[in-house]
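Analysis of the macromolecular model
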Amino acid sequence: RSVNIVAFGNERDGLPEDNQQPSLIQSYLGRSALISQIDSSLSAGQVGNPVFTEYQACAFGNVRLVVHDFPVWDIFDSDWYTSRSLIGGADIVVIKYSVNDKTSFQELKDTYVPIVKKALSHCSVPVIVSAVGARKNGVPCTCPLCTSDRRSCVTTSEGVQLAKEIGATYLELHALSDFYIQKYFGGVLEYFMIQSLNQKSSEKMKKRKKMQKCHRVQPPQLEQPEKMPILKGEASHYDADLHNLLCCCQCADVAFYPEDLSTVVEAHKVILCSVSHLFMLLFEVKSPANIYDVSIVQTAKSLFAVESGSALPTVSHSTPACIPPVRVVVKDSAFFFCLPDILHFIYSGAFQWERLEEDIKKKLKDPEKTEHVLEKVKCILKTPGKLNSTKDCRSHQIKRLYNTSLRLFFNTPVLADVIFKIQGATVPAHRAVLVARCEVMAAMFNGNYLEANSILVPVYGVSKDTFLAFLEYLYTDSCCPASILQAMSLLICAEMYQVVRLQHICELYIITQLQSMPSRELASTSLSIVSLLKKAKFHNSDCLSTWLLHFIATNYLIFSQKPEFQDLSVEERNFVEMHRWPSSLYLKQLADYRNYVHSQKCHCAIM
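Residues numbered from 1 in each chain as written. Predicted model: local features only at pLDDT ≥ 70, side-chain atom pairs only at ≥ 80, totals over all residues. Heavy atoms only, no water.

The protein is annotated in an unreviewed UniProt entry as RHBT3 protein of Ceuthmochares aereus.

Listed below in structure tokens is the structure:
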């Protein structure tokens, strides 16, 4: 017997001394009298930062307890299938946050709660929302109507509303003490653990009753169907794509110069604006009245000057002739000297702050200048109204901001330099993002094609909705099709533009949806699986076409009764007949068994 618990979120305030304290899960496991034989291990991500901690222990004497504690929400920034599998495989879900970190709570509420709700709609898992800590600006508030600490802390009413939204149990833990850990949090958690064990025992008993066999004559044994081919997803190369864009300087629309105009560094407005309100102000995406932060406005004026006219030489060869690059003079010589390293930091995802510090130290070899330049970078990356610390510039925090901020420029005319015309409608886009993320578009906009010097580009062969979903993936590195048919249309579009990872995501979505479809729905659906098979083969989706053939063979009794079954080719029909389930031999044995049972029935002598 086992219980699987998945915990998400960071309950610490973010202070250095607070990071040394044990987490909520660690405190419960160490203090509970019902838990023994605790073992923990860290799992690291690609950049070396721990993604989650795994705890294994014994509960109630003989129950195996497995806890996965995710202190950050980066795991949800990937595909929807990852979050669904995490929550779907859990017996209990715990969501934690600090009442003194309003920014993280707002991000949890706006970005991750919709994903959690969608994952919970596919399974029935109890959820505990734990608000940890005593509010720093006064006596801890327990009144749901209190608004005294609404500005800087997360109020009780906000936590209760969040719990109601996802159907969770709300707990407020003012301290990680014995009372709150063992009796309050532990009591609720152990109640759900017992409920989970009771449910599993009940299901096991029902299954055992169904598996009872006839003692007199055994029916034929039905073998399991052949295993379906396993499709493996492709790792994201989103950050690498944008970093390569800086290295090759394609479609650059910004040229930075020193005051003596001796050299130039090229960049892209949409990338810079996606991470910086200062660049939004500089390139007139936002006005000073919309920044609400005097330090950002003052830094923009003191550090940069946007030039107009032809006073500066034009060196960009990758921008269409009709769109001259914006010319920006950098007034600070030390900052301009380090500008290539700063741009590499931004384009690579803005998560290697320690490396940026080392690179600037080696270049300047002056502690005062180094600190001066780093302060300028912090101001560039600053969120208006928030005091940035070195901690805010590290690891996942800016990376998440960067990964989601390009969505702000998706399907908007702001900074757009190309317009797609499709089905009578227009869709604005940005060449820099398209070239970085799609090799076909890179060749189209930089080769000897009409599109290279055209603002208006027609698109044929796909619908507007499908093309918008394709562009959304290029901008955000994620997609969530609304149906199997939309996923197939998106797969065809991805094959047209040779975006392999998007093809794999669509394949996985189609497979996941078909696997979760009950037999009754599969028999009554108007969706043609054979038509999907034909399209997958025509558009070179070998993995999906092979899987669909196995799927038809595994559900032979359903598909063999459908008219579309006749549309299979001779080769496909032979494959299905060879791998069909149940097999012809089993059906023959089953018929013989039924005849035997019927012959053994006793008839009334009087009748």
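Further notes follow.
**Observations regarding the overall build of the protein**
Counting secondary structure elements, the protein contains 26 helices and 14 strands. Long-range pairs, those at least 24 residues apart, make up 68% of the contacts in the protein with a sequence separation of at least 6. Surface summary for the protein: the accessible area is close to 30,900 Å², and the carbon and sulfur share equals 54%. (Helix = DSSP H or I, 4+ residues; strand = E, 2+ residues; numbered from the N terminus. Contact = heavy atoms within 4.5 Å. Areas by Shrake-Rupley, 256 points an atom, 1.4 Å probe, with all protein chains shown as cover.)

**Quick look at the pairing of strand S11 (residues 326-330)**
Side chains on a regular strand alternate between the two faces of the sheet. The element S11 is extensively covered by neighbouring structure, given that five of its five residues are classed as buried. Here S11 shows no split at all, with Val 326, Val 328 and Val 330 on one side and Arg 327 and Val 329 on the other all buried. Pairing of strand S8 (residues 254-257) with S11, which is carried by four bridges, proceeds in the parallel orientation. Of the residues in S11, the one forming a bridge with Val 254 is Val 326. (Buried < 20%, exposed > 50% of the residue type's maximum accessible area, 1.4 Å probe, protein only. Pairing = 2+ DSSP bridges.)

**Some remarks on the packing of helix H13 (residues 353-364) against helix H14 (residues 367-380)**
Where H13 meets H14, the closest approach of the two axes is 9 Å, and the angle between their N-to-C directions is 140°. In terms of orientation, H13 lies oblique with respect to H14. In the crossing of H13 with H14, the sense of the turn from one axis to the other is right-handed. Here Trp 353, Leu 356, Glu 357, Ile 360, Lys 361 and Leu 364 of H13 lie close against H14, whose contacting residues are Lys 369, Thr 370, Val 373, Leu 374, Val 377 and Lys 378. Residues that form the contact of H13 with H14 fall into these classes: seven nonpolar, one polar and four charged. (Axes fitted to C-alpha atoms, helices over the stretch in contact; angles between N-to-C directions. Parallel < 35°, antiparallel > 145°, perpendicular 65-115°, else oblique. Left-handed = near helix turned anticlockwise from the far one by under 90°. Nonpolar A, V, L, I, M, F, W, Y, C, P; charged D, E, K, R; others polar.)

**Re the packing of helix H12 (residues 339-347) against H13**
With their axes 10 Å apart at the nearest point, H12 and H13 run at an angle of 170° to one another. In terms of orientation, H12 lies roughly antiparallel with respect to H13. Packed against H12, whose contacting residues are Pro 340, Asp 341, Ile 342 and Phe 345, the element H13 presents Trp 353, Leu 356, Asp 359 and Lys 363 at the interface. Of the residues assigned to the contact of H12 with H13, the class counts are five nonpolar, no polar and three charged.

**Structural notes on the packing of aromatic side chains**
Overall, the coordinates contain 19 aromatic pairs when judged by the stated rule. For the pair Phe 551 and Phe 559, a centre-to-centre distance of 5.9 Å together with 65° between the ring planes defines the contact as edge-to-face. Assigned by exposure class, Phe 551 and Phe 559 land together as buried. These aromatic residues form a ring-pair network of at least three members: Phe 256, Phe 279, Phe 283, Phe 304 and Phe 335. Above the ring of Phe 337, the side-chain terminus of Lys 363 is found at 5.1 Å from the ring centroid. (Phe/Tyr/Trp six-rings, centres within 6.5 Å; stacked < 30°, edge-to-face > 60°. Lys NZ or Arg CZ within 6 Å of the ring centre and 35° of its normal.)

**Examining the nonpolar core**
Phe 256, Phe 304, Phe 420, Phe 467 and Phe 470 are the most contacted members of the largest nonpolar core, which has 118 residues in total. Mapped onto the domain boundaries, this core takes at least three residues apiece from domain 2 (246-308 + 322-383) and domain 3 (516-606). Those residues in contact with Phe 420 that lie beyond four places of it in its chain are Ala 425, Thr 426, Val 427, Ala 429, Leu 434, Met 441, Phe 445, Val 457, Val 459, Phe 467 and Leu 471. One finds Phe 8, Phe 70, Val 154 and Ala 168 within the second-largest nonpolar core, a separate group that totals 30 residues. (Core = buried A, V, L, I, M, F, W, Y, C linked by side-chain atoms within 4.5 Å. Domains from an automatic or database assignment.)

**Quick word on the sheet that holds strand S13 (residues 425-429)**
Reading across the sheet, the three strands line up as S13-S12-S14 and stay open at both edges, with mixed pairing between neighbours. One side of each edge strand has no neighbouring strand; the edge strands of this open sheet are S13 and strand S14 (456-458). Going across the sheet, the axis of each strand differs from the next one's by a mean of 30°, ignoring polarity. Pairing analysis gives five bridges linking strand S12 (residues 418-422) to S13, with the strands arranged antiparallel. Bridging from a neighbouring strand, Val 418 pairs with Ala 429 of S13. Running at roughly 5° to S13, helix H18 (residues 464-476) makes contact with S12 and S13 of the sheet.

**Details of the sheet that holds strand S10 (residues 304-307)**
The strand order across the open sheet formed by four strands is S9-S8-S11-S10, and the pairing between neighbours is mixed. On the outer flanks of this sheet lie strand S9 (265-267) and S10, each paired with one strand and no other. Taken over all neighbouring pairs, the strand axes of this sheet differ in orientation by 30° on average, direction set aside. Sheet analysis places S10 next to S11, joined by four bridges and oriented antiparallel. Its bridge partner lying in S11, Val 306 is registered against Val 328.

**Considering the environment of Leu 29**
Note that Leu 29 resides in helix H2 (residues 24-31). Sequence-wise, Leu 29 and Gly 186 are 157 residues apart; in three dimensions their C-alpha atoms are separated by 9.2 Å. The contact partners of Leu 29, leaving out residues within four places of it in the chain, are Ile 35, Ile 38, Tyr 55 and Leu 65.

**Some words on the pattern of salt bridges**
Side chains bearing opposite charge may pair, as long as their charged atoms lie close to each other. For the structure on display, the rule yields 17 salt bridges. For Lys 117, the salt bridge identified is with Glu 165, shortest N-O distance 3.9 Å. Here Lys 117, found in helix H4 (residues 102-120), pairs with Glu 165, found in helix H5 (residues 156-166); they are 48 residues apart in sequence, far enough to count as distant. Under the relative-accessibility criterion, Lys 117 is labelled partly exposed at 37%. The class of Glu 165 is partly exposed, set by a relative accessible area of 33%. (Salt bridge = Lys/Arg side-chain N within 4 Å of Asp/Glu carboxyl O.)

**Focus on the side chain of Glu 190**
With respect to the helices and strands, the residue Glu 190 is situated in helix H6 (residues 178-210). Among the polar contacts made by the side chain of Glu 190, one reaches the side chain of Tyr 28 at a distance of 2.9 Å. Here Glu 190 is in contact with Tyr 28, Ser 32, Leu 34 and Phe 60, once residues within four sequence places are set aside. (Polar contact = N/O pair within 3.5 Å; in protein donor to acceptor, adjacent residues only side chain to side chain.)

**Thoughts on helix H25 (residues 570-579)**
Quick reminder: α-helices carry 3.6 residues per turn. Residues three or four places apart thus point the same way. Along H25, the residues classified as buried are Glu 572, Val 576 and His 579. The buried residues of H25 occupy an angular sector of 80° when the element is viewed end-on, so they sit on one face. Those residues of H25 that are exposed and angled more than 90 degrees off the buried face are Val 570, Glu 571 and Met 578. Turning to H25, the residues buried within the fold contact helix H22 (529-538), helix H23 (542-554) and helix H24 (556-559). (Arc of directions from axis to C-beta.)

**Some thoughts on the side chain of Lys 96**
Residue placement: Lys 96 occurs in strand S5 (residues 92-98). The class for Lys 96 is buried, based on a relative accessible area of 2%. Polar contacts involving the side chain of Lys 96 include one to the side chain of Asp 69, which spans 2.8 Å. Those residues within four positions of Lys 96 in sequence are excluded, and the remaining contacts are Ala 7, Phe 8, Gly 9, Asn 10, Glu 11, Leu 24, Ile 25, Asp 69 and Ser 130.

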